[in-house]
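# Structural overview
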Amino acid sequence: MPKRVLMQGNEACVEGAIAAGMRFFAGYPITPSTEVAESSAVRLPQVGGHFVQMEDEIASIACAIGASTAGVKAMTATSGPGFSLKQENLGYACLAEIPLVVVDVQRSGPSTGLPTSPSQGDVMMSRWGTHGDHPIIVISPASVKETYELAARCFNLAEKYRQPVIFLMDEIIGHLREGVEIPESVEIIDRPTVENPTPKLPAYHVEPGQYVPAMAPFGHGQRYNISGLFSNEKGFPTNSNEITDQKMQRIMHKISDNYDDIVEVEQKYMDDAEVAVFCYGGTTRAAITAVEEARAKGIKAGLFRPVTIWPFAEKELEPVTKKVKKIVVAEHNYGQLLYEVERIAKGACKIDFIGKVDGTIITPDEILAKIEEE
Amino acid sequence: MAKVNMEGVAPKTAQVSDLIWKYMRPENMPHIWCPGCGNGIILREVAQAVENLGIDRNKLMIVSGIGCSSRAAGYIDANTLHTTHGRAIAFATGIKIANPELEVIVLTGDGDASAIGGNHLIHACRRNIGLTVVVMNNSIYGMTGGQYSPTTPTGEFGTTAPYGNIDRDFDIAGLAIGAGATYAARGSVYHVPQTVKLIENGIKHKGFSIIDVADICPTYYGRKNKKGSAVNMMQWQKDNSVTVEKAKNMTEEELKGKLVIGLLKEESYPEYTEEYQKIIDRFAKGAK
């Protein structure tokens, strides 16, 4: 029987992660994500896993990457300022193809900002924060229950594609307490590995038809190198432009070619909608109320919500922009995914924006007013 | 406290060529280091220590950061992780906790370990986690072309200290001892047998160990400071080194400009991963 419990978003993140096999967490205290570390510290030893509080944010992600190279499913969590600090090593994990989940419980920025206030100001940083072109997967939950389920999904995607996945939470969901039905089990995907590895086996060799290398964790006999430099199949650094291009193409395509597997969108009341509210994460809750109130008033409103933030849900959004008269983009920032919506719409419909950067929550009334605006 | 006898040390010494074929990845040679660089000697010192201890290479984990020193990892036929600048110890911490069976050795430089990575160094010392850190300490940023580092002596020159370095220099081994390292030693590229023994004992030591190895960089540090050739720089190490034992009877004045070689500290303290295992044993479901 599924168990029903009262749980905070940050706690649900840890429980979902453990259900998916997370056995290592390295972190550093920062509001509003601290409970992710606290819950991990309590729960991991109970399941035979390890928690370590590192000396800083950079060490935390480095430590988690290290654990992952040894074959353990690992996570780190932070908020705005800490997410800035983690960016370099995030890029390392992207290039070296090391499965990892990075939780960012967003808070108001820039700088120290408003540490306890909601924000969605890290959306673009989650896509482009680390230097250089790189693939990324970013997922954003809108309820505590979803936080549990999607934390598990983050691990599965990280393992399947040997790719860091960013779980982009926000203060609204991180600190929210809701009743959650804990499923008896969740789907678990493990990274591709090799049986009986030998030192001769090039660790980064990718079989035709596959997107990622099947490599053994460190310590299992394969004896390969991992580097943050562009490297050959053995993991040894190279200056070859040809190998560099092949590697870049492959790591970008492993995400873009698997768009349908990775991108998830929630659409509500969209069948006959004339006005769509575009939102994600914690903002979704006010948006649903606004859409339902608009419907009660006879306005054909609908909700379009990307669950996967990056890659951007362009396939699903594009037909919507041709169907509706107007899209109201509601996000807790100065306009970030707004630009993506405009890029896809290409002027096909009117786009209104409601963004808040004062630390307060966008209310249903504010969204409703935008829906009603001519 | 185990003492290293620095007089007449004669550990088992394999032929260098045997070590190359056994522990290196010849397909990745030639290495990138300049003629006269001491890094190859330190690489050999590490390989010799591993050979003497008979460590299974499948369980040997080499972690490095960024800089000339850190290219060493790729040349060693083991599990090797070439990480980001300054972060090798933090990556290594994750690996050691995730799989304590691995023998984890961190190869790093003076800038990597004590400037950009200084925070990780002191906290690894404090945690007493079972890593062995070998510092290739050449007192300069070599990879980027000769900028002064935290171990460039005051008054000396680098491309970013064109008028002489006004910073005070770090004693990395001393810093580690101050931060709680339970094993700290200093070797050099001249004192090969002694340094091999110090690394060997560092690997055997339960908990965190650091071997600060005085390295030579004739290309940048040597040239900027008129230290002569690689041979001259090694001659300097020979002429200006004193053993820890001898240094104990010398005054601060007498020790000025001297390289103190040997075991600086060794003490027993619970190791981090073993302590964490006790928590797991107590709180894991089904545990008594």
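Residues numbered from 1 in each chain as written. Chains lettered and ligands numbered in written order. Predicted model: local features only at pLDDT ≥ 70, side-chain atom pairs only at ≥ 80, totals over all residues.

### Re the confidence of the model for chain B
Residue and element names in this part refer to chain B. Per-residue pLDDT for chain B has a mean of 94; in total, 94% of the residues score no lower than 70. Taken as a whole, residues 1–12 scores under 50 in pLDDT and shows 23 contacts with residues more than four places along the chain or in a different chain. Reported confidences for the modelled complex are a pTM of 0.96 and an ipTM of 0.97. (pLDDT = per-residue confidence, 0-100. Contact = placed C-beta atoms within 7 Å.)

### Quick notes on the sheet that holds strand 2 (residues 24–27) of chain A
Residue and element names in this part refer to chain A. Ordered in space as 3-2-4-5-7-6-13, the seven strands form an open sheet in which the pairing is mixed. Both edges of this open sheet fall to strand 3 (50–53) and strand 13 (308–310), since each of them pairs with a single strand only. Neighbouring strand axes in the sheet, compared pairwise and without regard to direction, differ in orientation by 25° on average. Direction of pairing for strand 6 (residues 137–139) relative to strand 7 (residues 164–170): parallel, over a ladder of three bridges. Paired with Val138 across the bridge in strand 7 is Ile166. Each of strand 4 (74–78), strand 5 (100–106) and strand 7 touches helix 4 (residues 80–96); the most contacted strand, strand 5, lies at about 160° to it. (Pairing = 2+ DSSP bridges. Helix = DSSP H or I, 4+ residues; strand = E, 2+ residues; numbered from the N terminus. Axes fitted to C-alpha atoms, helices over the stretch in contact; angles between N-to-C directions.)

### What about the interface of chain A and chain B?
The parts lose accessible area when they come together, and the size of an interface is often stated as this lost area. Taken residue by residue, the interface counts 36 residues in chain A and 36 residues in chain B. Of all the elements in the fold, those that place two or more residues in the side of chain A that touches chain B are strand 2, helix 2 (34–46), strand 3, helix 3 (57–69), helix 4 and strand 9 (225–227) of chain A. Among the elements that take part in the side of chain A that touches chain B, helix 3 of chain A stands out by supplying nine residues, more than any other. By residue class, the composition of the side of chain A that touches chain B is 21 nonpolar, eleven polar and four charged. As defined by bridge partners, strand 9 of chain A adjoins strand 2 (residues 79–82) of chain B across three bridges and the pair is classed as parallel. Note that in strand 2 of chain B the partner of A:Ile226 across the bridge is B:Leu81. (Nonpolar A, V, L, I, M, F, W, Y, C, P; charged D, E, K, R; others polar.)

### Considering the nonpolar core
Residues and elements named next belong to chain A. In this structure, Phe167 and Val277 are the most contacted members of the largest nonpolar core, which totals 185 residues. Here this core gets ten residues from one element, more than from any other, and that element is helix 6 (residues 144–161). Each of domain 1 (3–182) and domain 2 (266–372) accounts for three or more of the residues forming this core. Ignoring sequence-local partners within four residues, the contact set of Val277 consists of Ala287, Ala290, Val291, Ala301, Leu303, Val328, Ala330, Ile367 and Ile371. Membership of the second largest hydrophobic core comes to five residues, among which are Ala203, Met215, Ala216 and Tyr224. (Core = buried A, V, L, I, M, F, W, Y, C linked by C-beta atoms within 7 Å. Buried ≥ 20, exposed ≤ 12 C-beta atoms within 10 Å, placed from the backbone. Domains from an automatic or database assignment.)

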